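# Reading the structure
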Amino acid sequence: MDRILVALDVDTAEQAHALADRLRGIVGGFKIGSRLFTSYGPSVVEQLAARGDRVFLDLKFHDIPNTVAGAVAAATRLGVWMMNVHAAGGESMMRAARTAAHEEAARTGRTAPLVIAVTVLTSFDDAALSQVGVGTAMADQVVRLAALTQQAGLDGVVASPQEVAMIRARCGSAFTIVTPGIRGAGDAKGDQQRTATAAEALAAGATYLVVGRPIIAAPDPRAAAERIAELTAES
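Here is a short report on the structure shown in this document. (Residues numbered from 1 in each chain as written. Predicted model: local features only at pLDDT ≥ 70, side-chain atom pairs only at ≥ 80, totals over all residues. Heavy atoms only, no water.)

## Some details on the sheet that holds strand E8 (residues 208-211)
Read around the closed barrel, eight strands run E1-E2-E3-E4-E5-E6-E7-E8, paired in parallel fashion. Within the sheet, the average angular offset between the axes of one strand and its neighbour, ignoring direction, is 25°. When strand E1 (residues 4-7) meets strand E2 (residues 29-33), the two strands line up parallel, connected through three bridges. By the bridge assignment, Ala-7 is partnered in E2 with Lys-31. In this fold helix H4 (residues 65-78) packs onto strand E3 (55-61) and strand E4 (82-86), with an angle of close to 165° to the strand it touches most, E4. (Pairing = 2+ DSSP bridges. Helix = DSSP H or I, 4+ residues; strand = E, 2+ residues; numbered from the N terminus. Axes fitted to C-alpha atoms, helices over the stretch in contact; angles between N-to-C directions. Contact = heavy atoms within 4.5 Å.)

## Notes on the packing of aromatic side chains
Following the criterion strictly, the structure yields one aromatic pair and no others. Ring centres of Trp-81 and Tyr-208 lie 5.2 Å apart, and the angle between their planes is 85°; this geometry places the pair in the edge-to-face category. Placement of the pair is Trp-81 in the loop between H4 and E4 and Tyr-208 in strand E8, with a sequence separation of 127 residues. We classify Trp-81 as buried; its relative accessible area is 18%. In this structure, Arg-54 packs its charged tip against the face of Trp-81, placed 4.2 Å from the ring centre. (Phe/Tyr/Trp six-rings, centres within 6.5 Å; stacked < 30°, edge-to-face > 60°. Buried < 20%, exposed > 50% of the residue type's maximum accessible area, 1.4 Å probe, protein only. Lys NZ or Arg CZ within 6 Å of the ring centre and 35° of its normal.)

## Re helix H1 (residues 13-23)
The α-helix advances 3.6 residues per turn, and as a result positions three or four apart in sequence lie on the same side. Those residues of H1 that sit buried are Ala-13, Ala-16, His-17, Leu-19, Ala-20 and Leu-23. One face of H1 carries all of its buried residues, which in axial projection span an arc of 160°. Of the residues flanking the end of H1, it is Gly-25, one or two places downstream, whose phi is positive at about 100°. (Arc of directions from axis to C-beta.)

## Digging into the packing of helix H5 (residues 91-108) against helix H7 (residues 138-151)
One can describe the packing of H5 onto H7 by two numbers: an axis separation of 9 Å at closest approach and a directional angle of 45°. Regarding the angle of H5 to H7, the classification is oblique. Crossing hand, H5 versus H7: right-handed. In this structure, H5 uses Glu-91, Met-94 and Arg-95 to contact H7, whose residues at the interface are Leu-148, Thr-149 and Gln-151. (Parallel < 35°, antiparallel > 145°, perpendicular 65-115°, else oblique. Left-handed = near helix turned anticlockwise from the far one by under 90°.)

Right, here's the structure in full:
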């Protein structure tokens, strides 16, 4: 169960807290993304962290190194457990993010959060990648960015289930791989292009699974989470 991170992609803090209350104890943490953070700001993160929840702040920082360092330091002060940047920001930006997280954690007496990098969004396919000027194959681009992330000293990456095995082979067993795009067998992909089931992602070597709609949109979110947790326990 510790390997499931539930995406609290809802409109209100009340909905987020209600879901967290229902799911606490059977999942490993909660992801706060730009939708909820834009409406409610740092308070929703601080409130969950104060309850002892592991919070993955999914804001995908991507800017010049100094700006990203300031944002990472601010997120560290909120008590997040994990946050992400975009690997496409480059090695200098990623190194600045790692330094800021560790320095701010030491200054404030906190445990340093995990800092990971997004490789290529799961909504992309090869055609979309080509449209933004990347001429290499999806798998090659994802593995290249994962290797750069590791070289920069970050803790891991966000990548689709389809690239997990290749990243694991390239970056080793200690490298954290966070995998969104988790769907049940036969579920609609929605706007995700590169998806897999929880069992498939774990078998490929994923460290954590980010699961949103299959849990939060289910008639009984707790029962849905328990079903996925059973799969993770078997993997």
